[in-house]
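# Topology and contacts: notes
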Amino acid sequence: MKNHRRQLKWLLIGALITPFALGAAIASGGAGHGDYLFAKLLFPYTMLLTSLTGTITFPLIGLALVQFPLYGLAVGSFNATRTLIFLLVLHASGTFLCFSSLLPHFG
């Protein structure tokens, strides 16, 4: 039972981060005229998948909405330190790819 509470706590922490991250990403998009800096930094997987669609689609927005709650759930479910390091490396790798030349539509 204690593990379920820990998982729920971290899931909620991820869910609480999501609106702020989403707001920053939307603001950096500037209604299509921005640099998408925070979108690339905070949601690299979603932004990388735009290379397949050419634009940000509703399914990709759905992916962005669940990203941080899933991060929280992972941290709450497994060894927190190792999981956090793994997620940071994975996220940083995705972010690095976002700032390479893989996203021609998003500067």
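Provided above is the structure to which this section pertains.
Below or above, wherever it landed, is the structure these notes cover. (Residues numbered from 1 in each chain as written. Predicted model: local features only at pLDDT ≥ 70, side-chain atom pairs only at ≥ 80, totals over all residues. Heavy atoms only, no water.)

## Regarding the overall build of the protein chain
The helix and strand tally for the protein chain stands at 5 helices and 0 strands. In sequence order, the secondary structure elements of the protein chain are arranged as α-α-α-α-α. C-alpha extents for the protein chain along the principal axes are approximately 45 × 25 × 20 Å. Counting the 107 residues in the protein chain, one finds 32% classified as buried. Considering only intrachain contacts with a sequence separation of at least 6, the fraction spanning at least 24 residues in the protein chain is 63%. Accessible surface, the protein chain as shown: approximately 6800 Å² in total, 76% of it carbon and sulfur. (Helix = DSSP H or I, 4+ residues; strand = E, 2+ residues; numbered from the N terminus. Buried < 20%, exposed > 50% of the residue type's maximum accessible area, 1.4 Å probe, protein only. Contact = heavy atoms within 4.5 Å. Areas by Shrake-Rupley, 256 points an atom, 1.4 Å probe, with all protein chains shown as cover.)

## Quick look at the layout of surface pockets
In this structure, the largest pocket spans a volume of roughly 260 Å³. In terms of lining residues, the largest pocket is bounded by 13 residues, among which L22, A25, I26, I56 and I61 are the most central. Looking at the lining of the largest pocket, the elements with two or more residues in it are α1 (2–29), α3 (44–53) and α4 (58–77). Tallied by class, residues from the lining of the largest pocket come to 11 nonpolar, 2 polar and no charged. Quantified by volume, the second largest pocket comes out at close to 210 Å³. As for the second largest pocket, its lining consists of W10, I13, G14, I17, F68, Y71, G72, V75, L84, L87, L88 and H91. Going through the elements one at a time, α1, α4 and α5 (80–98) are the ones with two or more residues in the lining of the second largest pocket. Among the residues forming the lining of the second largest pocket, the class breakdown is 9 nonpolar, 3 polar and no charged. (1 Å grid on protein atoms, 1.4 Å probe; cavity = no way out; pocket = protein on both sides within 12 Å on 5 of 7 lines; lining within 4 Å. Points joined across faces, edges and corners; volume = space filled by probe spheres on them. Nonpolar A, V, L, I, M, F, W, Y, C, P; charged D, E, K, R; others polar.)

## Points about α5
One turn of an α-helix holds 3.6 residues; hence residues three or four places apart share an orientation. If you check α5, its first and last C-alpha atoms are 26 Å apart, about what 19 residues at 1.5 Å a residue would give, namely 27 Å. Within α5, burial applies to T83, L87, H91, G94, T95 and C98. The arc that holds the buried residues of α5, viewed along the axis, is 100 degrees, so those residues lie on one side. Facing away from the buried surface of α5 by more than 90 degrees, the exposed residues are T81, R82, I85, F86, L88, V89 and F96. Of the surrounding secondary structure, the elements contacted by the buried residues of α5 are α2 (37–42), α3 and α4. You can read the cap of α5 off the contacts: a side-chain oxygen lies 3.1 Å from the backbone nitrogen of T81, and it is on N79. (Expected span 1.5 Å × (residues − 1). Arc of directions from axis to C-beta. Polar contact = N/O pair within 3.5 Å; in protein donor to acceptor, adjacent residues only side chain to side chain.)

## Concerning the packing of α1 against α4
Relative placement of two packed helices is described by the angle separating their axes and the distance separating the axes. At a minimum axis separation of 7 Å, α1 and α4 run at an interaxial angle of 150 degrees. Classed by the angle they form, the pair α1 and α4 counts as roughly antiparallel. Crossing angle aside, the handedness with which α1 passes α4 is right-handed. In this structure, α1 contributes N3, R6, Q7, W10, L11, G14, A15, I17, T18, A21 and L22 to the contact, and α4 contributes A64, L65, F68, P69, G72, L73, V75, G76 and S77. Taken together, the residues of the contact of α1 with α4 break down into 12 nonpolar, 7 polar and 1 charged. (Axes fitted to C-alpha atoms, helices over the stretch in contact; angles between N-to-C directions. Parallel < 35°, antiparallel > 145°, perpendicular 65-115°, else oblique. Left-handed = near helix turned anticlockwise from the far one by under 90°.)

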